[in-house]
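# A look at the structure
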Amino acid sequence: GAVVSQHPSRVICKSGTSVKIECRSLDFQATTMFWYRQFPKKSLMLMATSNEGSKATYEQGVEKDKFLINHASLTLSTLTVTSAHPEDSSFYICSAPGLAGGETQYFGPGTRLLVL
Amino acid sequence: AQSVSQHNHHVILSEAASLELGCNYSYGGTVNLFWYVQYPGQHLQLLLKYFSGDPLVKGIKGFEAEFIKSKFSFNLRKPSVQWSDTAEYFCAVNAMDSSYKLIFGSGTRLLVRP
């Protein structure tokens with residue numbers, strides 16, 4: 001089946017620094033990828049849709065200048081958390097639509113971000 | 001706006017007990033429905049999905065779900081749970097006019113006692 005990877009799996013950073021998280025589709029191409037945020041003991045919240053070759057589409061309430069998304073190629077999307085604050089600490093998960101029809105999403109393993 | 005509600009936040013069962021997890025969604029149009037599972041320390045995996053056709057769908061590991069359109073529901077069931085079913089279960093909806101965006105329910109944490 002389709003595989004999505006994320007790097008890094010965990011990151012700890014100081015407040016005020018920026019952190020880049022990569023999402024790769026390993027054995028298929030993805031013109032669209034999705035970024036989610038999962039709070040402890042809560043559900044996944046869709047943050048934005050990453051589009052290859054064009055700007056990302058952000059969900060309401062998500063700061064696009066805070067969470068920069070770049071879909072550099074058909075297999076790579078990156079999420080950069082800029083000027084990170086402790087409240088940005090969370091679990092970030094990406095997904096990509098599968099090969100057949102796109103309705104089924106394949107999820108990456110997630111990146112746990114801790115901002116001190 | 002679309003939303004998904006999962007009624008049970010925590011469920012504790014003994015092995016061999018039957019399981020039913022509720023899921024309701026709000027959206028007036030055509031939807032695709034999913035159940036995802038997240039085992040401890042692992043990433044989300046698709047359990048089953050409904051796109052069209054027979055409203056009773058069967059997934060992996062003996063799970064099934066029934067789409068009842070009139071009730072906007074897509075409840076997950078398993079006749080006999082195992083310890084290895086301990087995980088978090090998420091119901092999700094994708095409106096067919098929303099470019100594959102998934103809206104998730106709040107999740108249900110299932111603990112199966114041996």
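Up top is the structure.
Quick summary incoming for the structure in this document. Just so you know, these numbers come straight off a predicted model, no measurement behind them.

## Side note on the layout of surface pockets
There is about 470 Å³ of room inside the largest pocket. As for the largest pocket, its lining consists of 22 residues, and the residues nearest its centre are Gln38(A), Phe91(A), Arg112(A), Gln38(B) and Gly41(B). When contributions to the lining of the largest pocket are tallied by element, the ones reaching two or more residues are strand E10 (87-95) and strand E12 (108-113) of chain B. When the residues that make up the lining of the largest pocket are grouped by side-chain class, the tally is 8 nonpolar, 8 polar and 6 charged. Its volume calculated, the second largest pocket comes out at about 340 Å³.

## Examining the pairing of strand E2 (residues 10-13) of chain A
Residue and element names in this part refer to chain A. Of the two faces of E2, only one is covered, namely that formed by Val11 and Cys13; the face formed by Arg10 and Ile12 stays uncovered. Pairing analysis gives 4 bridges linking E2 to strand E11 (residues 111-115), with the strands arranged parallel. Residue pairing for E11: Val11 is matched across the bridge by Leu113.

## Describing the state of the cysteines
Residues and elements named next belong to chain A. Counted under the stated rule, the structure contains 2 disulfides over all chains. Shown here is the disulfide that connects Cys23 with Cys94, its sulfur atoms set 2.0 Å apart. Disulfide Cys23 to Cys94: torsion about the S-S bond roughly 80°, handedness right-handed. With Cys23 in strand E3 (residues 19-25) and Cys94 in strand E9 (residues 90-97), this residue pair connects regions lying 71 residues apart in the sequence. Judged by its relative accessible area of 0%, Cys23 is buried.

## Quick word on the interface of chain B and chain A
The interface is formed by 18 residues belonging to chain B together with 20 residues belonging to chain A. Where chain B abuts chain A, roughly 1600 Å² becomes buried across the two surfaces, and 60% of that area is made up of carbon and sulfur atoms. Taken together, the connections running from chain B to chain A amount to 1 salt bridge. Across the pair Glu59(A) and Lys101(B) runs a salt bridge, and its minimum N-O distance is 3.1 Å. Linking chain B with chain A are 4 residue pairs in polar contact (both at pLDDT 80 or more). Of all the elements in the fold, those that place two or more residues in the side of chain B that touches chain A are strand E5 (31-38) and strand E6 (45-50) of chain B. For the side of chain B that touches chain A, the element with the most residues is E5(B), which contributes 4 residues.

The rules we used
- Residues numbered from 1 in each chain as written.
- Chains lettered and ligands numbered in written order.
- Predicted model: local features only at pLDDT ≥ 70, side-chain atom pairs only at ≥ 80, totals over all residues.
- Heavy atoms only, no water.
- 1 Å grid on protein atoms, 1.4 Å probe; cavity = no way out; pocket = protein on both sides within 12 Å on 5 of 7 lines; lining within 4 Å.
- Points joined across faces, edges and corners; volume = space filled by probe spheres on them.
- Helix = DSSP H or I, 4+ residues; strand = E, 2+ residues; numbered from the N terminus.
- Nonpolar A, V, L, I, M, F, W, Y, C, P; charged D, E, K, R; others polar.
- Buried < 20%, exposed > 50% of the residue type's maximum accessible area, 1.4 Å probe, protein only.
- Pairing = 2+ DSSP bridges.
- Disulfide = S-S within 2.5 Å.
- Contact = heavy atoms within 4.5 Å.
- Buried area = accessible area lost by both parts, 1.4 Å probe.
- Salt bridge = Lys/Arg side-chain N within 4 Å of Asp/Glu carboxyl O.
- Polar contact = N/O pair within 3.5 Å; in protein donor to acceptor, adjacent residues only side chain to side chain.

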